[in-house]
Each structure stands twice: as C-alpha cells, then as structure tokens.
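Report on the structure
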Amino acid sequence: MIDNLRLVSTEPVPCKICGGAAPLYGVVDFNRNCEIPNGVKLALSGTPIYYRRCAQCKFLFTDAFDGWSIEQFKTHIYNDQYQLVDPDYRSLRPRANADVVARLWGAIKAETRVLDYGGGNDVFCAALRDAGFPIAVTFDPMVPEHAMRPEGKFDLVTSFETFEHLPDPAAGIASILEFAAEPGLIFFTTLLQPMDIDQQRLNWWYVGPRNGHVSLFSREALTKAWNR
C-alpha cells in the first residue's frame, strides 16, 4: 500500500483549471500504467487512485498526490522502476524530440537559448548541444543533477510530455512562462483526451498513475490553463 495519499471525498471538489465542480469519475489501481509498447504490466498494488473530471472544462485529474513532497514522488513514482513502465523515456524519445527541434530551429541555433522544462536526464539537451545549439539547459525538480533553477530568460522553452505529470498545472505553466524571453516561444506536447473519453473513461490508455499521469487535459481545459 502507498502511504500519505489524500483522503478521497465523495463530494465534488473545485477543478484545478477553472474552479468548476469536479465530481469523482472513476478509480484505478496505483500500479496501472500507460499501455506503452515494451512496457511492463505491473501487478496490482492494492492502492486505489481516484480521478475526477470537471463538469465544465472536462479536465481529468487525481488529487490523491496533492500533499506529496518531491521526495515522495521520487520514492514511489520516479524511481528505478520507472523505466519498466516507460522504457523510451531514457533515450529514444528525447533523441527523437531533439531531431524535431533541430529541424525546426537549426537555421537560428547560434542565437537560440533553449531550456527544456521537465527534461529528465539531459539527453535531449545534450543532443541539441551536439547539434550546435550553444545553450541548451535541462531543468527538472525531480532529478537532482538538474533541479537547480536556471537563471535568465530563454528564446525557446520546450516541455515534452510534462503537463500530464503536473499536480498543480497552473503553477507549472506559470513557471514555464517565467523562463520565456520576450519575444520567445514555448513548444510543448501533451496528449488530449479522445473524443470518446466518456465511453473509454479510465480505460483510456493514457491514464496511468504509476507513470505519474495525474493531469489529463481536454482541449478546453488546456486553453483555459494557458489563458490564465
């Protein structure tokens, strides 16, 4: 069993994006992980994780981990077994993302300061530096080597598959904006809820508390989050 989870309430709670009523939507086991190719399906943990969905903006989230410290996330989710549920995060995905950025911004790489927000192990930024980007910095509070907040502003702030990991998405987006130069650009990815989410509900493959997927956006919720 996983300790120190927020006690679940049967009453709706305020949505983290728009403040609307977010009733309970369903429950999965803590060890449910995303259906990623080559990932390992873990045995049941016996710890239920409840998700809520806002009746207004359709933001889908769990508040079970809202009281956790960074150390608790690192102990229970972002630990040595994380690679079992997301085998591509170490190298394959960050290198592919670096190829995309190099193609899009390669012509102006000499004058482009890059910050990768939530960048994990620095493989992405290392690939950009190897490609000729003079400044490519990783910032990730969950990784001790890259947890120190960088100084200055950045022309390009990237954030790949990070938003779904944010227990406080509004604060995360505000932090990203603080790093962006003016003018500057923010380039991010996250998967939006499918059109048939009400049929799939928590059977949607992207729902995975063991992957740290605690915030799952509708298009409306993502728009409202940025408009704030």
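Structure first, text after, so check above.
Scanning all chains against the criterion turns up 8 salt bridges. Put simply, K16 and D66 hold a salt bridge, and the shortest N to O gap is 2.9 Å. Of this pair, K16 sits in the loop between β1 (13-14) and β2 (21-22) while D66 is found in the loop between β5 (60-61) and α1 (70-76), placing the two residues 50 residues apart along the sequence. Among the residues examined, K16 registers a relative accessible area of 17% and is labelled buried. Taking the shortest distance from any N to any O, the salt bridge between D63 and R52 comes out at 3.7 Å. Linking D63 in the loop between β5 and α1 with R52 in strand β4 (residues 48-53), this pair joins segments that are 11 residues apart in sequence. Pair check on accessibility: D63 and R52 agree, each one buried. Bridged by salt links that share partners, the residues R6, K16 and D66 form one connected network.

All right, on to unusual backbone geometry then. As a rule of thumb, non-glycine residues mostly have phi less than zero, and peptide bonds are mostly trans rather than cis. Put simply, E182 and P183 share a cis peptide bond, and its omega is 5 degrees. Checked against the element boundaries, P183 lands in strand β9 (residues 180-189). With a phi close to 75 degrees, D122 is a non-glycine residue in the positive phi region. Relative accessible area serves as the criterion here: at 14%, D122 is assigned to the buried category. Residue R201 is not a glycine yet carries a positive backbone phi of 50 degrees. Inspection of the secondary structure puts R201 in the loop between α6 (197-200) and β10 (215-216). For R201, a relative accessible area of 35% gives the class partly exposed.

This part covers the sheet that holds β10. Read across the sheet, 4 strands follow the order β3-β4-β5-β10 without closing on themselves; strand pairing throughout is antiparallel. Each end of this open sheet is capped by a strand with a single partner; those strands are β3 (24-29) and β10. Direction of pairing for β4 relative to β5: antiparallel, over a ladder of 2 bridges. Pairing of R52 across the sheet is with F61, part of β5.

End to end, helix α3 (residues 92-105) covers 20 Å across 14 residues, agreeing with the expected 20 Å (1.5 Å per residue, within 8%). Taken as a whole, α3 has its buried residues at P94, N97, A98, V101 and W105. Down the axis of α3, the sector holding all buried residues measures 105 degrees, keeping them to one side. The outward face of α3, more than 90 degrees from its buried face, is lined by the exposed residues L92 and R103.

Enumeration according to the criterion identifies 21 aromatic pairs in this entry. For the pair F59 and F217, a centre-to-centre distance of 5.0 Å together with 50 degrees between the ring planes defines the contact as tilted. In this pair, F59 sits in the loop between β4 and β5 while F217 sits in the loop between β10 and α7 (219-227), placing the two residues 158 residues apart along the sequence. The exposure class of F217 is buried, given its relative accessible area of 0%. Aromatic rings pair up to connect F30, F65, W68, F73, Y78, Y82 and Y89 into one cluster. Directly above the aromatic system of Y25 lies the positively charged group of R201, at a separation of 3.9 Å from the ring centroid.

Another point: the side chain of E164. Mapped onto the elements, E164 comes out in the loop between β8 (154-160) and α5 (169-179). Despite its burial, E164 pairs with no opposite charge; the closest candidate is R93, at 7.5 Å N-O. If near-sequence neighbours (up to four positions away) are discounted, E164 is found in contact with T189, T190, Y206, G212, H213, V214, S215 and L216.

The rules we used
- Residues numbered from 1 in each chain as written.
- Predicted model: local features only at pLDDT ≥ 70, side-chain atom pairs only at ≥ 80, totals over all residues.
- Heavy atoms only, no water.
- Salt bridge = Lys/Arg side-chain N within 4 Å of Asp/Glu carboxyl O.
- Helix = DSSP H or I, 4+ residues; strand = E, 2+ residues; numbered from the N terminus.
- Buried < 20%, exposed > 50% of the residue type's maximum accessible area, 1.4 Å probe, protein only.
- Pairing = 2+ DSSP bridges.
- Expected span 1.5 Å × (residues − 1).
- Arc of directions from axis to C-beta.
- Phe/Tyr/Trp six-rings, centres within 6.5 Å; stacked < 30°, edge-to-face > 60°.
- Lys NZ or Arg CZ within 6 Å of the ring centre and 35° of its normal.
- Lys, Arg positive; Asp, Glu negative; His and termini not counted.
- Contact = heavy atoms within 4.5 Å.

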